[in-house]
Amino acid sequence: MVKKVQPVTHQPLIATSEHINSEQLLNDLHYQQSKQIIQNLLNKGLISLTEFKDIDTLNKQSFPPLLGPGSVDISGL
């Protein structure tokens, strides 16, 4: 049996003049952790999609992630 392999694509890195500090890293870590928790709640049916989006919006305000919306191309998913 032959497996079909999908090509891996990537976006080029964009150079920035900003240096990332420890507070930004912690904010990103806390945001990613909070998103994982609410994703699990959504998957278990404990919160609705609307609640997920509302909580995620609040989490982005509390813990600004390093990558903003649109930074990652998810069109192929």
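Residues numbered from 1 in each chain as written. Predicted model: local features only at pLDDT ≥ 70, side-chain atom pairs only at ≥ 80, totals over all residues. Heavy atoms only, no water.

### Quick word on the side chain of Asn 27
Right, on to step 1. If you trace the backbone, Asn 27 turns up in helix 1 (residues 22-43).
Right, on to step 2. Its relative accessible area of 18% is what places Asn 27 among the buried residues. (Helix = DSSP H or I, 4+ residues; strand = E, 2+ residues; numbered from the N terminus. Buried < 20%, exposed > 50% of the residue type's maximum accessible area, 1.4 Å probe, protein only.)

### Describing helix 1
Because each turn of an α-helix spans 3.6 residues, side chains separated by three or four positions in sequence point in the same direction.
Right, on to step 1. Given a rise of 1.5 Å per residue, 22 residues ought to cover 32 Å, and the 31 Å separating the end C-alpha atoms of helix 1 matches this to within 8%.
Right, on to step 2. Buried within helix 1 are the following residues: Asn 27, Asp 28, Tyr 31, Ser 34 and Ile 38. Around the axis of helix 1, the buried residues are gathered within 135° of arc, so they sit on the same side. In helix 1, the exposed residues that point more than 90 degrees away from the buried face are Ser 22, Gln 36, Ile 37 and Asn 43.
Right, on to step 3. Each element contacted by the buried residues of helix 1 is listed here: helix 2 (49-62).
Right, on to step 4. One side-chain oxygen of the residue at the start of helix 1 lies 3.1 Å from the amide nitrogen of Glu 23, identifying that residue as Asn 21.
Right, on to step 5. Count one or two residues on from helix 1 and you reach Gly 45, which has phi positive near 80°. (Expected span 1.5 Å × (residues − 1). Arc of directions from axis to C-beta. Contact = heavy atoms within 4.5 Å. Polar contact = N/O pair within 3.5 Å; in protein donor to acceptor, adjacent residues only side chain to side chain.)

### Observations regarding the confidence of the model for the chain
The predicted structure's coordinates, where accompanied by low pLDDT, should not be read in detail.
Right, on to step 1. Per-residue confidence for the chain gives a mean pLDDT of 81; residues scoring 70 or more make up 75%.
Right, on to step 2. Per-residue pLDDT stays below 50 along residues 70-77; that stretch engages in four contacts with residues further than four places along the chain or on separate chains. (pLDDT = per-residue confidence, 0-100.)

### Overview of the environment of Leu 29
Right, on to step 1. Looking at the secondary structure, you find Leu 29 in helix 1.
Right, on to step 2. Along the chain, Leu 29 and Pro 64 lie 35 residues apart, while their C-alpha atoms are 9.7 Å from each other.

### A short note on the pattern of salt bridges
Right, on to step 1. Taken as a whole, this structure holds one salt bridge when the rule is applied.
Right, on to step 2. The shortest N-O distance in the salt bridge between Lys 60 and Asp 56 comes to 3.5 Å. Taken together, the residues span about one helical turn, with Lys 60 and Asp 56 both in helix 2 at a distance of four residues.
Right, on to step 3. When its relative accessible area of 35% is taken as the criterion, Lys 60 is described as partly exposed. (Salt bridge = Lys/Arg side-chain N within 4 Å of Asp/Glu carboxyl O.)

### So, the packing of helix 1 against helix 2
Right, on to step 1. Running from amino to carboxyl end, helix 1 crosses helix 2 at an angle of 170°, the nearest separation of the two axes being 10 Å. Taken together, the axes of helix 1 and helix 2 lie roughly antiparallel to each other. Here helix 1 contributes Asn 27, Tyr 31, Ser 34, Lys 35, Ile 38, Gln 39 and Leu 42 to the contact with helix 2, which in turn contributes Leu 49, Phe 52, Ile 55, Asp 56, Asn 59, Lys 60 and Ser 62. (Axes fitted to C-alpha atoms, helices over the stretch in contact; angles between N-to-C directions. Parallel < 35°, antiparallel > 145°, perpendicular 65-115°, else oblique.)

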